[in-house]
Amino acid sequence: IEPKYAFPDATLFEVVPVEQLHSPVIRLGFDYWQLLRGSRPFPAREDVKPRDIAVALNCMVLARVIDGGNDFELRIVGDNVVRAYRAPLINRRMSEIMTDLPHTAKKWNQLCRQAVETRIPVGVHAVVGHDAPEVNFVESEVVVLPLGASSDSVDHVMTFGSHVLRGEEGC
């Protein structure tokens, strides 16, 4: 029996336009973000009402920006995200999570920082390599969305992700 996925040596992260992401949960999350922002560059954290996107909460992360984007504190983490990463994530800083997920957390920190610095959504496609055996997924699509009370600075990021788990389908 041929394996469904061939793991590369190193995990591959590719930044792609959000329009190239195909997951329905990502489309739903991005459309919600677009609705909230209206004519602003991005919506405020206070605009986000988790009950409005209850069907996507399992695949969502809401993180507070710390020190201008040098670190992030994960405040809301969906159950499917927890299953994909097999690590305690809620109420932890990305810098702390790097000890549990050394190969993937560093890259996610960089991608979140990119959304903070550019103040625009970041689309990501990832294929897990042999260098990240600590995670429970083989492939993912994620959108990182900036949030902030003023158009000058991002104080939170919200992500929606679809992960193909090892041996099963994700979001």
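Residues numbered from 1 in each chain as written. Predicted model: local features only at pLDDT ≥ 70, side-chain atom pairs only at ≥ 80, totals over all residues. Heavy atoms only, no water.

Q: So what exactly am I meant to see when it comes to the pairing of strand S6 (residues 137-147) here?
A: Regular strands place their side chains on alternate faces of the sheet. Burial within S6 is extensive, with 10 of its 11 residues counted as buried. One ladder, built from six bridges, connects strand S5 (residues 122-127) with S6; its direction is antiparallel. Bridge pairing in S6 places His125 opposite Glu141. Sheet analysis places S6 next to strand S7 (residues 156-165), joined by 10 bridges and oriented antiparallel. Counted as the bridge partner of Glu139 is Val164 from S7. (Buried < 20%, exposed > 50% of the residue type's maximum accessible area, 1.4 Å probe, protein only. Helix = DSSP H or I, 4+ residues; strand = E, 2+ residues; numbered from the N terminus. Pairing = 2+ DSSP bridges.)

Q: Looking at this model, I keep getting lost on the environment of Thr104. Mind explaining?
A: Position of Thr104 relative to the elements: it lies in helix H4 (residues 104-118). Overall, the relative accessible area of 1% leaves Thr104 in the buried class. Along the primary structure Thr104 and Val16 are separated by 88 residues, whereas in three dimensions their C-alpha atoms are 17 Å apart. Filtering out sequence-adjacent residues up to four positions away, Thr104 remains in contact with Phe13, Tyr85, Ala132, Glu134 and Val135. (Contact = heavy atoms within 4.5 Å.)

Q: Sorry if this is basic, but what is going on with the confidence of the model for the chain here?
A: Summary statistics for the chain give a mean pLDDT of 88 and a share of 91% for residues scoring 70 or more. Confidence, expressed as mean pLDDT per element, reaches its minimum in the chain at strand S1 (residues 12-16) with 87 and its maximum at strand S2 (residues 60-66) with 97. (pLDDT = per-residue confidence, 0-100.)

Q: What is the right way to look at H4 in this model?
A: Because the α-helix completes a turn every 3.6 residues, residues three or four places apart line up on one side. For H4, built from 15 residues, the straight-helix expectation of 21 Å at 1.5 Å per residue is met to within 8% by its first-to-last C-alpha distance of 21 Å. Along H4, the residues that are buried comprise Thr104, Ala105, Trp108, Asn109, Leu111, Cys112, Ala115 and Val116. Looking down the long axis of H4, one finds its buried residues gathered within 165 degrees of arc, a one-sided arrangement. Backbone geometry just after H4 places Arg119 at a positive phi near 60 degrees. (Expected span 1.5 Å × (residues − 1). Arc of directions from axis to C-beta.)

Q: Would you mind going over helix H1 (residues 24-37) with me for this structure?
A: Taking 1.5 Å as the rise per residue, H1 with 14 residues should run 20 Å; its terminal C-alpha atoms sit 20 Å apart, in good agreement. The set of residues buried in H1 consists of Val25, Ile26, Gly29, Phe30, Tyr32, Trp33 and Leu36. Within H1, the buried residues cover an arc of 155 degrees as seen down the axis, which keeps them to one side. Structural note: H1 exposes Pro24 and Leu35 on the side pointing more than 90 degrees away from its buried face.

Q: Sorry, what's going on with the pattern of salt bridges here?
A: Scanning the entire structure with this criterion turns up four salt bridges. Residues Glu73 and Arg64 are paired through a salt bridge, measuring 2.8 Å at the closest nitrogen-oxygen approach. Among the residues examined, Glu73 registers a relative accessible area of 14% and is labelled buried. Arg64 sits in the partly exposed class, given a relative accessible area of 32%. The network of salt bridges with common partners includes Arg64, Glu73 and Arg75. (Salt bridge = Lys/Arg side-chain N within 4 Å of Asp/Glu carboxyl O.)

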